[in-house]
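# Close look at the chain arrangement
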Amino acid sequence: MIRIQEDVLSESRSIPREIALETKNLQVYYGDFHAIKNLSLGFPKYEVTALIGPSGCGKSTYLRTLNRMNDLVQGARYEGEIWFENMNLNDPGIDVVDIRKRIGMVWQRPNPFQKSIFENIALGPRYHGVRSKAMLEEIVEESLRKAALWDEVKDRLHTSALSLSGGQQQRLCIARSIALKPEILLLDEPASALDPISTIKIEELISILKKDYTIIMVTHNMQQAARISSHTAFFLMGELVEFDQTSKLFMNPEQQKTMDYITGRFG
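No experiment lies behind these values; they were computed from the predicted model shown.

One non-glycine residue, Glu85, lies in positive phi territory at about 50°. Here Glu85 lies in the loop between strand S4 (76-84) and strand S5 (87-88). In this model, Glu189 sits at a positive phi of 50°, which is unusual for a non-glycine residue. In this structure, Glu189 sits in the loop between strand S7 (184-188) and helix H8 (196-209).

Dropping the structure here:
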């Protein structure tokens, strides 16, 4: 049985907040392959939205499209609109570097740079013009504190980030995104490669971060979606089948395909 925490359940019953990011009639192609089909979806500000569905259904492709990371995939092209702060991110003149600063991304497997813990955090702000040592130190500490990692690493900031455990590395990657002061965090199965204890820490961190960031998270773990998200979108074969408050979607979905998936009949 999928359990939904009381705080998530009560929050999901509240009046919907403003939309932080929205796609309208979005189509994504890889060459001739139609990966995302006419997808319109809006994400509530300062909430966690989970994207669920079987492998290959388009969740990660859709997530990477939201900050134009799919531009890096050969043959990828888009149609439709992605609206963020009154900008259509699919417009040709959009500065994708700035967009990726404001819409951060954390991948499935921890990918720290082969540098010190300090430099992993400081590199982004330095690239974007921060030169003051004192300011960089402040950004590093603030980011690590927000990622619930400061107390564990404050005495070894100049040692290799690769010396950290897998769970610590993933929190470091979250801190690295936070250092650029994004408005939105995209998380692509951030705990799938971690042990259960590290997974709990990541989930607790996400629940804290949603106070300051809009979070959109791909997960294969429906229990995880129920625990920490207020809204859930169910994807199948590149299409959005259903989007609703998490409590409603898991307890009383509108679509039979959604019911079949969450009850384990396929996927």
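Having seen it, we continue.
Glancing now at the pairing of strand S2 (residues 33-44). Judged from the 8 bridges that link them, strand S1 (residues 19-30) and S2 form a sheet pairing that is antiparallel. Bridging from a neighbouring strand, Val28 pairs with Ile36 of S2. The hairpin formed by S1 and S2 contains 2 residues between the paired strands, and Gly31 there has a positive phi angle of roughly 65°.

This next bit is on the sheet that holds strand S6 (residues 103-106). Pairing within the open sheet is mixed, and its 6 strands lie in the order S6-S7-S8-S3-S9-S10. Pairing within the sheet leaves two strands with one partner each, and these edge strands are S6 and strand S10 (239-245). The average undirected angle you get between the axes of adjacent strands in this sheet is 15°. Here strand S3 (residues 48-52) pairs with strand S8 (residues 214-218) via 4 bridges, running parallel. Its bridge partner lying in S8, Thr49 is registered against Ile216. Lying on the sheet, helix H7 (residues 166-178) is in contact with S6 and S7; it crosses S6 at an angle near 165°. Where H8 meets the sheet, its contacts fall on S3, S7 and S8, and the angle it forms with S8 comes to roughly 150°.

A few words now on the environment of Glu22. You can see Glu22 is positioned in strand S1. Each C-alpha atom of the pair Glu22 and Phe43 lies 6.2 Å from the other, and the pair is 21 residues apart in sequence. Setting aside anything within four residues of it in sequence, one finds Glu22 in contact with Leu41, Gly42, Glu81, Ile82 and Trp83.

Quick look at the packing of helix H4 (residues 117-127) against H7 now. The description of two helices packed together rests on the angle between their axes and the distance between the axes. Between H4 and H7, the least distance of the axes is 8 Å, while the angle of their chain directions is 30°. Classified by the interaxial angle, the pair formed by H4 and H7 is roughly parallel. Seen from above, H4 lies across H7 with right-handed handedness. Contacts between H4 and H7 involve Ile117, Asn120 and Ile121 on the former and, on the latter, Leu172, Ala175 and Arg176. Looking at side-chain class alone, the contact of H4 with H7 contains 4 nonpolar, 1 polar and 1 charged residues.

Let's shift gears to the environment of Val130. Tracing the backbone shows Val130 in the loop between H4 and helix H5 (133-146). In this structure Val130 comes out as buried when scored by relative accessible area, which is 17%. Val130 has contacts with Pro125, Met135, Leu136 and Ile139, leaving out every residue within four places of it along the chain.

Cut-off values and rules
Residues numbered from 1 in each chain as written. Predicted model: local features only at pLDDT ≥ 70, side-chain atom pairs only at ≥ 80, totals over all residues. Heavy atoms only, no water. Helix = DSSP H or I, 4+ residues; strand = E, 2+ residues; numbered from the N terminus. Pairing = 2+ DSSP bridges. Axes fitted to C-alpha atoms, helices over the stretch in contact; angles between N-to-C directions. Contact = heavy atoms within 4.5 Å. Parallel < 35°, antiparallel > 145°, perpendicular 65-115°, else oblique. Left-handed = near helix turned anticlockwise from the far one by under 90°. Nonpolar A, V, L, I, M, F, W, Y, C, P; charged D, E, K, R; others polar. Buried < 20%, exposed > 50% of the residue type's maximum accessible area, 1.4 Å probe, protein only.

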